[in-house]
Amino acid sequence: MDYNKLTGSVPNMISRLHKLEYLSMERNKLTGSIPLSILNISSLQYLSIGENKLEGPLPREVGNLSMLQVLDFSMNNLTGVIPDGISNLQELEDLSLSYNNFKGSIPIGIFNISFLIYLQLAGNHISANLPSTIGHGLPNVEGIHLSGNNINGVLPSSISNMSKLMYLELYRNELTGSIPESLGNLRLLEVLGLSSNSFNSELSFITPLANCKYLRKLILSSNPLNAMLPKSIGNLSSLEMFLATGCNLKGYIPNEVGNLRNLSSLELEDNDFNGIVPMTISSLKNLQRLSLGANRISGPFPIALCELSNLALLNLSQNQMWGSLPSCLGDVTSLREVSLDSNNFIAIIPSSLWTLKDILKLNLSSNFFNGSLPLEVGNLKAAILLDLSWNQILGNIPSTLGSLQKLTHLFLAHNRIEGSIPEAFGGLKSLEVLDLLYNNLSGVIPKSLEALKYLHSFNVSFNRLHGEIPNEGPFVHLPYQSFMSNEGLCVFSVIGLASAIVFLMMRRRGKTTNIEDDWLPEVAPQRISYYELQRATQGFDGNNLLGSGSFGSVYKGTLADGMIVAVKVFNVQMEGTFQTFDRECDILRNLRHKNLTKIITSCCNLDFKALILEYMPNESLDKLLYSRDYCLNIMQRLNIMVDVASALEYLHHGYSVPVIHCDLKPSNVLLDNDMVGHLTDFGIAKLLTKEESIAHTTTFATIGYIAPEYGMEGLVSKRLMFIVMASCCWKLYKEET
């Protein structure tokens, strides 16, 4: 009988087949609950209704199928607990209930089914501990698959009594404590998957694993092991895959990894390894994936990697490596993904890299590469991502880049590239993101880019472009932030910051705003290093860019403790940056008000300056005012007016020394999760002494936000700021009404 196209509920007529032994209706579109009539066919030995859309509980009557050898209800929508009746199925060899919504514990009787070979309960909501006696039953079990549940407690050492066990998969649970050394007794073990738990022990269990002569996969990722990788790892000679990412591993990568001649995947990123990449790695001729990113590995690029002729993925990003790249890297023609970003590599990118015609992703960003890009960059016909941002690349953009029709992401920001944007870029038919921020580009934006129908992120800010911005295709929806600080571009300015009218009206009625500080008491600032910020922002990835300005750029970042922050990175190459950074630090470290953006800490060295600020999930007032997807109503606008007015009142009257912001505009008003306004960016703010009512500035505000007659002499005062607010506020109110 062909059931491949069955829909609806399970056919009732099946229950009439009283002597039926084999019933399979998997991979259909069956719905409804499991009919009890099927569970009364006592002759059934094989029952599989997996990969359907069945709902409801698994009836306890399933225990009536005493001759059943295979029970498969995997990949449905079954709920409730696993019934104890399954323990009655003493002939059962394969129990598959994976990827449902079962909860509760595993019935203890299941661990006493002596014929059971496969126990598959992955992808449910099963909780409670594994019984300490788990290894005293199941003498024939070969595979235990319990991944993706909520199982807690320790991994019982008695599991090592299951002498036929080949697959132990416990990924994504809540197991704690030590990994038992007795696992080395599982002589037939092939796969040990313990990732995404809370194991916190030393790696002493690795030494006895040498007894497991068939062990192919050892997966420990995302456990807080906080240990050193022992030299005995080199004794696991059968190993094909070793994954230990995000485990707080420390110390050196032992030379003994070179003994793992069968290894195809070695992934140790996001740890605390230091030292150099061991030269013995050249012995891993079968290696296809090597990922050592986000560590503290130093030294020059290891030439030994050039000998790995099967290497497809190479990730050394976010380390402390230095020197130039060897030309032999271009000889590894098997490479498909290369990530060397956020290191200290220098010199010209070797021309041999442009011969890797099959490479898909090449990320060399955040280094010190210089020189110009050759025409040969057009050889990367298969590339979908090319990231060369945050380097010191010179010269023109090669027109041959326009021939990369599979390219979806092109990042050339923060370099010293000159010349024009090639007209040939109109040939990048798959392009989604083009970032040319902070270069020395001139000329016009080619109208050929209007043909890029997938382009949704485009940034040419802080260049020297001129002429008209294209107005068709993707340019219809691009925000003005994509084109800032190009003096010759024809772009409309945005009007007005909403705030002061409401405040002034309240003052006239004898009301005052509450400027009491509702922040927590001040504590010692958190210390955050440059490398922590690199990790938090994924190497200052353009996908995490929140905005840019004359000071530099702001990135979204996630710290190691899960806290989301905004990282304001100052452009240290711009004149006056150090004064701007120092001024903002001096002012913000003493200000405390609920409508001012909170500064968490700073990160500063000779080549890098950044402020770590409170993250505002609703971004800026400017973005919301001109968003096609969101419309501020009149009450929201009035509330934001009051918020900014309250902040300004505090700056002028609530602090010991009056602070003049000097750059009030919508992009400097950030909105938190509750749409509360927070004034930000004090880079050109001025402090008035007790004797002063007016201060002079040569860096006054942003063009378009104040009438020339007020700002042409560079004189700022508290009165002037209220005039600016009142004018902008009226425009905002009028626009809404």
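From a predicted model like this one, the values you see are computed outputs, not experimental measurements. (Residues numbered from 1 in each chain as written. Predicted model: local features only at pLDDT ≥ 70, side-chain atom pairs only at ≥ 80, totals over all residues. Heavy atoms only, no water.)

1. Details of the sheet that holds strand E37 (residues 488-490)
Quick note on the threshold: At least two bridges found by DSSP between two strands is the condition for calling them paired. Strands are runs of DSSP state E lasting at least two residues, helices are runs of H or I lasting at least four, and both sets are numbered from the N terminus onward.
As summarised here, the arrangement of the three strands in space is E34-E36-E37, forming an open sheet in which the pairing is parallel. One side of each edge strand has no neighbouring strand; the edge strands of this open sheet are strand E34 (442-443) and E37. The sheet contact formed by E34 and strand E36 (residues 464-468) spans two bridges and is parallel. The residue bridging Gly443 from the neighbouring strand is Leu465, located in E36.

2. Considering the packing of aromatic side chains
So the rule is basically this: The pairing test for Phe, Tyr and Trp rings, Trp by its six-membered ring, is centres within 6.5 Å, and the orientation test on the planes gives stacked under 30 degrees, edge-to-face over 60, and tilted for anything in between. Summary of the burial criterion: residues with accessible area below 20% of their type's maximum are buried, those above 50% are exposed, and those between are partly exposed, where the area comes from a 1.4 Å probe applied to protein chains only.
For the structure on display, the rule yields ten aromatic pairs. Between Tyr22 and Tyr46 the ring centres are 4.3 Å apart and the planes differ by 15°, which places this aromatic pair in the stacked class. Placement of the pair is Tyr22 in strand E2 (residues 22-24) and Tyr46 in strand E4 (residues 46-48), with a sequence separation of 24 residues. Residue class for Tyr22 comes out exposed when judged on its relative accessible area of 53%. Judged by relative accessible area, Tyr46 falls into the partly exposed class, the value being 24%. Consider the rings of Phe540 and Phe608, whose centres lie 5.8 Å apart with planes at 50°: the pair is tilted.

3. Observations concerning the state of the cysteines
Put simply, the test is: By definition, disulfides here are pairs of cysteine sulfur atoms that lie within 2.5 Å.
Enumeration according to the criterion identifies one disulfide in this entry. A sulfur-sulfur separation of 2.1 Å characterises the disulfide bridge that pairs Cys306 with Cys328. Here Cys306 and Cys328 share a disulfide; its torsion about the S-S bond, 60°, makes the bridge right-handed. Here Cys306, found in the loop between strand E24 (298-300) and strand E25 (313-315), pairs with Cys328, found in the loop between strand E26 (320-323) and strand E27 (337-339); they are 22 residues apart in sequence, far enough to count as distant. Comparing Cys306 with Cys328 shows no difference in burial state: the two are buried.

4. Here we look at the nonpolar core
Cut-off, in case you're wondering: The nonpolar core is taken to be a set of buried Ala, Val, Leu, Ile, Met, Phe, Trp, Tyr and Cys residues, with the residues joined through side-chain atoms within 4.5 Å. Any two residues whose heavy atoms approach within 4.5 Å are treated as being in contact.
In terms of nonpolar packing, the biggest core is built from 143 residues, with Leu47 and Phe242 touching the most fellow members. If we skip the residues at most four places from it in the chain, Leu47 touches Leu23, Ile38, Leu39, Leu65, Leu68, Val70, Leu71, Asp72 and Phe73. Grouped together as the second largest cluster of nonpolar side chains are 18 residues, Leu596, Leu625, Leu632 and Leu671 included.

5. Notes on the sheet that holds strand E30 (residues 368-370)
Cut-off, in case you're wondering: Axis geometry follows a simple rule: fit a line to the C-alpha atoms, using only the stretch in contact for helices, then measure angles between N-to-C directions, giving values from 0 to 180 degrees.
What the four strands build is an open sheet, ordered E24-E26-E28-E30; its pairing is parallel. The sheet terminates laterally at E24 and E30, the two strands that pair on one side only. Neighbour to neighbour, the strand axes of the sheet diverge by 15° on average, direction disregarded.

6. Focus on the pattern of salt bridges
Convention followed: Take a side-chain nitrogen of Lys or Arg and a carboxyl oxygen of Asp or Glu: if they are within 4 Å of each other, that pair is a salt bridge.
As enumerated under the stated definition, the model contains eleven salt bridges in all. Asp270 is the partner of Arg535 in a salt bridge, and the nearest nitrogen-oxygen pair spans 3.8 Å. On the criterion of sequence distance, the pair formed by Arg535 in helix H2 (residues 530-536) and Asp270 in the loop between strand E21 (265-267) and strand E22 (272-274) is long-range, its members being 265 residues apart. Judged by its relative accessible area of 33%, Arg535 is partly exposed. Asp270 gets classed as partly exposed once you look at its relative accessible area, which sits at 40%. A single salt-bridge network, built from bridges that share partners, covers Glu26, Arg27 and Glu51.

7. Overview of the side chain of Asn76
Defined as follows: As used in this structure description, the phrase polar contact means that two N or O atoms lie within 3.5 Å; if the pair is within protein, one of them must be able to donate a hydrogen and the other to accept it, and residues adjacent in sequence are counted only when both atoms belong to side chains.
Along the chain, Asn76 falls in the loop between strand E6 (70-72) and strand E7 (77-79). Given the relative accessible area of 4%, Asn76 is considered buried. Within the structure, the side chain of Asn76 is placed 3.0 Å from the backbone nitrogen of Leu54, a separation counted as a polar contact. A distance of 3.1 Å separates a polar atom in the side chain of Asn76 from the backbone oxygen of Phe73. Beyond its immediate stretch of four places on either side in the chain, Asn76 contacts Ile49, Gly50, Glu51, Asn52, Lys53, Leu54, Tyr99 and Asn100.

8. Quick notes on the pairing of strand E42 (residues 608-614)
In terms of burial, E42 is a largely internal element, six of the seven residues being buried. Direction of pairing for strand E40 (residues 564-570) relative to E42: antiparallel, over a ladder of five bridges. Paired with Ala566 across the two strands is Leu613, which belongs to E42. Relative to E42, strand E41 (residues 599-605) runs antiparallel, the two being bridged by six bridges. Bridge pairing in E42 places Asn605 opposite Phe608.

9. Describing the environment of Ser389
Looking at the secondary structure, you find Ser389 in the loop between strand E31 (385-387) and strand E32 (409-411). In this structure Ser389 comes out as buried when scored by relative accessible area, which is 7%. In this structure the C-alpha to C-alpha distance between Ser389 and Asp341, which are 48 residues apart in sequence, comes to 9.3 Å. Contact partners of Ser389, with chain neighbours within four places excluded, come to Ser365, Ser366, Phe411, Leu412, Ala413 and Asn415.

10. What about the environment of Glu181?
Structurally, the position occupied by Glu181 is in the loop between strand E15 (174-177) and strand E16 (191-193). A C-alpha to C-alpha distance of 8.1 Å links Glu181 and Thr207, two positions 26 residues apart in sequence. Contacts of Glu181, omitting those with residues within four sequence positions, involve Ser204, Phe205 and Pro208. A polar contact is formed between the side chain of Glu181 and the side chain of Ser204, at a distance of 3.0 Å.

11. Things to note about unusual backbone geometry
Despite not being glycine, Asn248 shows a phi value in the positive range, around 60°. Assignment of secondary structure puts Asn248 in the loop between strand E19 (241-243) and strand E20 (250-252). One non-glycine residue, Gln538, adopts positive backbone phi at about 55°.

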